[in-house]
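The primary structure of each chain is shown beneath.
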Amino acid sequence: MTGPKRAYILVTILFLSLVTSSFAAWGRPGLLWGFMLGLFFYWLTFFFANDQLINLFNATPVEGQDPWGLLPRLRQLSQRARLPMPKAYIFDSQTMNTYAIARNHKNSSIVLSSGLVSGLSGAELSAVLAHQVACIKSLETVNFSVSSFFMNIILFFKSNQSADIGYSQNPGWGADFFRLFVCLTMPLLVMIRRVAVSRKCYYSLDQRAVELTQDPTTYVETLWKLQSYARARRLQISPVIAHLFMVNPLTNRGLGRYFQAQPQLEDRIRRLVGYYPI
């Protein structure tokens, strides 16, 4: 299933669940309130979720000076994909990772870490941008943002909570309660992520990115480099937003291992060039 269809299915399930449960609990008045609440959640999901994800790392837009040559490369790739040029944002982090946000082709953004734009060569930066442009073109971004928004609602917007749940360096009753709550709701969280996000979409995005750059060797080398940095220089994030990123930012510690959506790096590279290691 390609495109944002998975997100629409997830939103429809939530809408019908609200309406039917409200009707069962309060009859006809509950039906009306359930319908209104469902519309409210629909609006929040498709209009508020994107802003929340952009502000997650206090990212700043790339405007004016562009010492990395980011905007010309993004403009060229957008023209190849026949898309309006997305906005570019940078957040302060020494790790190398990136994600894209778009509810449609006209309202799209690409968020990159400062370590990524300063640590990659021009060709490698083009490979990263090609992946994000492919993500926007296919509108897999809708699936990503909708699922992360629903999971954040369940966790009361604890987007800054570390993925190493169960290994907190600041123990306390609040942290213990939150870990217990995550353990209890984890089956629901994982189900939401799996309904909205398929591992096959990452293979498809890799292939579309290579078609844009026409340089599979540089692309797989960039994937390997980003994953290596993601393991060495960890990005402290909630596991419920890990699937947004180009490479997996999580480790096998704690409950974060259950939220790893991206396929293994070896499988992604083999599908593109036929062998591993590179």
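Our subject is the structure that appears above.
Worth saying up front: this structure is predicted, and the values here are computed from it rather than measured. (Residues numbered from 1 in each chain as written. Predicted model: local features only at pLDDT ≥ 70, side-chain atom pairs only at ≥ 80, totals over all residues. Heavy atoms only, no water.)

Thoughts on the overall build of the chain
Alright, step 1. Helices and strands together make up the secondary structure of the chain, namely 9 helices and 4 strands.
Alright, step 2. When its helices and strands are written in sequence order, the chain yields α-β-α-β-β-β-α-α-α-α-α-α-α.
Alright, step 3. Within the chain, the proportion of its 278 residues that are buried is 53%.
Alright, step 4. At a minimum sequence separation of 6, the contacts of the chain that also span at least 24 residues come to 67%.
Alright, step 5. For the chain, the accessible surface area stands at approximately 13,600 Å², while carbon and sulfur atoms represent 57% of it. (Helix = DSSP H or I, 4+ residues; strand = E, 2+ residues; numbered from the N terminus. Buried < 20%, exposed > 50% of the residue type's maximum accessible area, 1.4 Å probe, protein only. Contact = heavy atoms within 4.5 Å. Areas by Shrake-Rupley, 256 points an atom, 1.4 Å probe, with all protein chains shown as cover.)

So, the pattern of salt bridges
Alright, step 1. The full count for this structure, using the stated rule, is 3 salt bridges.
Alright, step 2. The salt bridge involving Lys-225 is made with Glu-124; its shortest N-O contact spans 3.4 Å. Placement of the pair is Lys-225 in helix 8 (residues 216-232) and Glu-124 in helix 4 (residues 122-138), with a sequence separation of 101 residues.
Alright, step 3. Among the ionic pairs, Asp-267 bridges to Arg-270, the shortest N-O distance being 3.9 Å. Note that Asp-267 and Arg-270 are positioned in helix 9 (residues 265-273) at a spacing of 3 residues, about one turn of the helix.
Alright, step 4. Taking the relative accessible area as the measure of exposure, Arg-270 reaches 41% and is therefore partly exposed. (Salt bridge = Lys/Arg side-chain N within 4 Å of Asp/Glu carboxyl O.)

A word on the nonpolar core
Alright, step 1. Grouped together as the largest cluster of nonpolar side chains are 83 residues, with contacts concentrated most on Leu-112 and Leu-116.
Alright, step 2. With 9 residues, the top contributor of residues to this core is helix 4.
Alright, step 3. Other than its neighbours up to four places away in sequence, Leu-112 contacts Leu-70, Tyr-89, Ile-90, Phe-91, Asn-97, Thr-98, Val-117, Leu-125, Val-128 and Leu-129. (Core = buried A, V, L, I, M, F, W, Y, C linked by side-chain atoms within 4.5 Å.)

Things to note about the side chain of Glu-124
Alright, step 1. Overall, the relative accessible area of 14% leaves Glu-124 in the buried class.
Alright, step 2. Not counting the four nearest positions on each side in its chain, Glu-124 is found in contact with Thr-218, Thr-222 and Lys-225.

Overview of helix 9
Every α-helix winds through 3.6 residues per turn, so residues three or four apart in the chain are directed the same way.
Alright, step 1. Along helix 9, the positions that sit buried rather than exposed are Leu-265, Arg-268, Ile-269 and Leu-272. What you see down the axis of helix 9 is that its buried residues fit within an arc of 95°, all on one side.
Alright, step 2. Contact partners of the buried residues in helix 9: helix 4, helix 7 (199-213) and helix 8.
Alright, step 3. The positive-phi residue at the C-terminal boundary of helix 9 is Gly-274, with phi of around 90°. (Arc of directions from axis to C-beta.)

Description of unusual backbone geometry
Alright, step 1. Not every positive phi belongs to a glycine, and Asn-58 is a case in point at roughly 55°.
Alright, step 2. Of note, Asn-58 is situated in the loop between helix 1 (5-54) and strand 1 (60-61).
Alright, step 3. Phi angles above zero are rare outside glycine, and Leu-139 is one such case at about 60°.
Alright, step 4. A relative accessible area of 16% means that Leu-139 is categorised as buried.

Thoughts on the sheet that holds strand 2 (residues 87-91)
Sheets are built from strands that pair by backbone hydrogen bonding, the pairs being arranged parallel or antiparallel.
Alright, step 1. A sheet is described by the order of its strands in space; here 4 strands give the open sequence 1-2-4-3, paired in mixed fashion. In the strand order of this sheet, the two ends are held by strand 1 and strand 3 (98-104), each with one partner.
Alright, step 2. Note: strand 1 against strand 2, 2 bridges, orientation antiparallel. Across the sheet, residue Pro-61 finds its bridge partner in strand 2, namely Tyr-89.
Alright, step 3. Sheet strands touched by helix 1: strand 2, strand 3 and strand 4 (107-113). Its angle to strand 3, the strand with the most contacts, is close to 160°. (Pairing = 2+ DSSP bridges. Axes fitted to C-alpha atoms, helices over the stretch in contact; angles between N-to-C directions.)

Describing the packing of aromatic side chains
Alright, step 1. A complete count under the given rule lists 6 aromatic pairs for this structure.
Alright, step 2. Relative to Phe-35, the ring of Phe-15 has its centre 5.5 Å away and its plane inclined at 75°; by these criteria the two rings are edge-to-face.
Alright, step 3. For Phe-35, a relative accessible area of 42% puts it in the partly exposed group.
Alright, step 4. Over the ring of Tyr-203 we find Arg-271; its NZ or CZ atom is 3.8 Å from the centre of that ring. (Phe/Tyr/Trp six-rings, centres within 6.5 Å; stacked < 30°, edge-to-face > 60°. Lys NZ or Arg CZ within 6 Å of the ring centre and 35° of its normal.)

Considering the layout of surface pockets
Alright, step 1. Here the largest pocket is characterised by a volume of approximately 280 Å³.
Alright, step 2. Listing elements by their share of the lining of the largest pocket, those giving two or more residues are helix 1, helix 5 (140-154) and helix 6 (173-196).
Alright, step 3. If you tally residues by element for the lining of the largest pocket, the top one is helix 1, at 6 residues.
Alright, step 4. In terms of residue class, the lining of the largest pocket is built from 12 nonpolar, 1 polar and no charged. (1 Å grid on protein atoms, 1.4 Å probe; cavity = no way out; pocket = protein on both sides within 12 Å on 5 of 7 lines; lining within 4 Å. Points joined across faces, edges and corners; volume = space filled by probe spheres on them. Nonpolar A, V, L, I, M, F, W, Y, C, P; charged D, E, K, R; others polar.)

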